[in-house]
Amino acid sequence: MLPTQGGMIVQMQRAAFVFVLLTALASAACGRQVTPNPPGLGPGGAPPGYTAFFFDVSAPFSFSSYQYMFVLNTSGSRITPSTDTLQTNWAGYSFALIARGNGATSFAQFVQFVPPKSGKGPPGWLPLGSAPQLFSYNLNSNGSGTEFSLLVKRTVFNGIASPSPSPSTSPTPTPSSQWTFNAFTTQPGGSQGNWYFVDSMGAGGPVDPQYVSPTLCMSEPFDQTFYGAGPTLADPSAQIVSVEIANNPVVPKPCP
């Protein structure tokens, strides 16, 4: 996914991003000043227990016009999240990693989709606040303004067990080790999942034919790049070129 020209600069920027995260991890330990002793980095520069996500578009991001997101299905059903949300009743929507802003600034948001208590309908939208050492965002990870990256601790994907958008005290479910995903460009402002899709990983872009995700084995280390197959859009800032997902489990295990 990385361009050949300037590749060394990009790698240095990614390494700096991970270094900042590891420094935050060290300084946050029990509120004490500690000497960092970072473990060996894994695929995509992800420390053990983390997953790195990279999102690339054809031209610099336009946060005044769009928001950009990964949507993950961590349930093990292997259903790919699609743009046909009404027809599929939001099947495969477990979590979203969203980069959004107002044109001048941007930020990342981590959201859990909570199914309705009964019947069909859009899921509840539950923003999960995370400390920087758990969920970190780099707006410009390739130096060209066309790639953002997120470094997420896997435990964050435990989410909550509540059947409603309010947190629950019931035990937290353990995500499956087999995930699927999609990536979307949407119009901004759709906070409760009321999005207008502009692009996706699928050949139809915002419409059919839909993307069929490979199954990601999250108990194994990997670093994979997936390329968008949608039609050429009028605005290259909305065009998904590729996404990269790099996983580094603490204790690697083969998928069941």
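It should be emphasised that the depicted structure is a prediction, and the values quoted were computed from it without experimental measurement.

Draft legend 1. Structural view of the environment of Val-250. Note that Val-250 resides in the segment after β12 (240-248). Between the C-alpha atoms of Val-250 and Pro-47, which are 203 residues apart in sequence, the distance is 8.6 Å. Aside from chain neighbours lying at most four places away, what touches Val-250 is Pro-48 and Gly-49.

Draft legend 2. The arrangement of the sheet that holds strand β7 (residues 147-153) in detail. One open sheet accounts for five strands, arranged β6-β7-β1-β12-β11; its pairing is antiparallel. Pairing within the sheet leaves two strands with one partner each, and these edge strands are β6 (135-138) and β11 (222-227). Averaged over all pairs of adjacent strands, the angle between strand axes in this sheet comes to 10°, irrespective of strand direction. By the bridge criterion, six bridges tie β11 to β12 in an arrangement that is antiparallel. Paired with Asp-223 across the bridge in β12 is Ala-246.

Draft legend 3. Representation of the packing of aromatic side chains. All told, the structure shown has 28 aromatic pairs when counted by the stated rule. Between Tyr-93 and Phe-113, the ring centres sit 5.3 Å apart and the planes meet at 80°, which makes this aromatic pair edge-to-face. Highlighted residues: Tyr-93 in the loop between α2 (85-88) and β3 (95-101) and Phe-113 in strand β4 (residues 106-114), separated in sequence by 20 residues. On the accessibility criterion, Tyr-93 (7% relative accessible area) is buried. Classification of Phe-113 by relative accessible area gives buried; the value is 5%.

About the criteria used
- Residues numbered from 1 in each chain as written.
- Predicted model: local features only at pLDDT ≥ 70, side-chain atom pairs only at ≥ 80, totals over all residues.
- Heavy atoms only, no water.
- Helix = DSSP H or I, 4+ residues; strand = E, 2+ residues; numbered from the N terminus.
- Contact = heavy atoms within 4.5 Å.
- Pairing = 2+ DSSP bridges.
- Axes fitted to C-alpha atoms, helices over the stretch in contact; angles between N-to-C directions.
- Phe/Tyr/Trp six-rings, centres within 6.5 Å; stacked < 30°, edge-to-face > 60°.
- Buried < 20%, exposed > 50% of the residue type's maximum accessible area, 1.4 Å probe, protein only.

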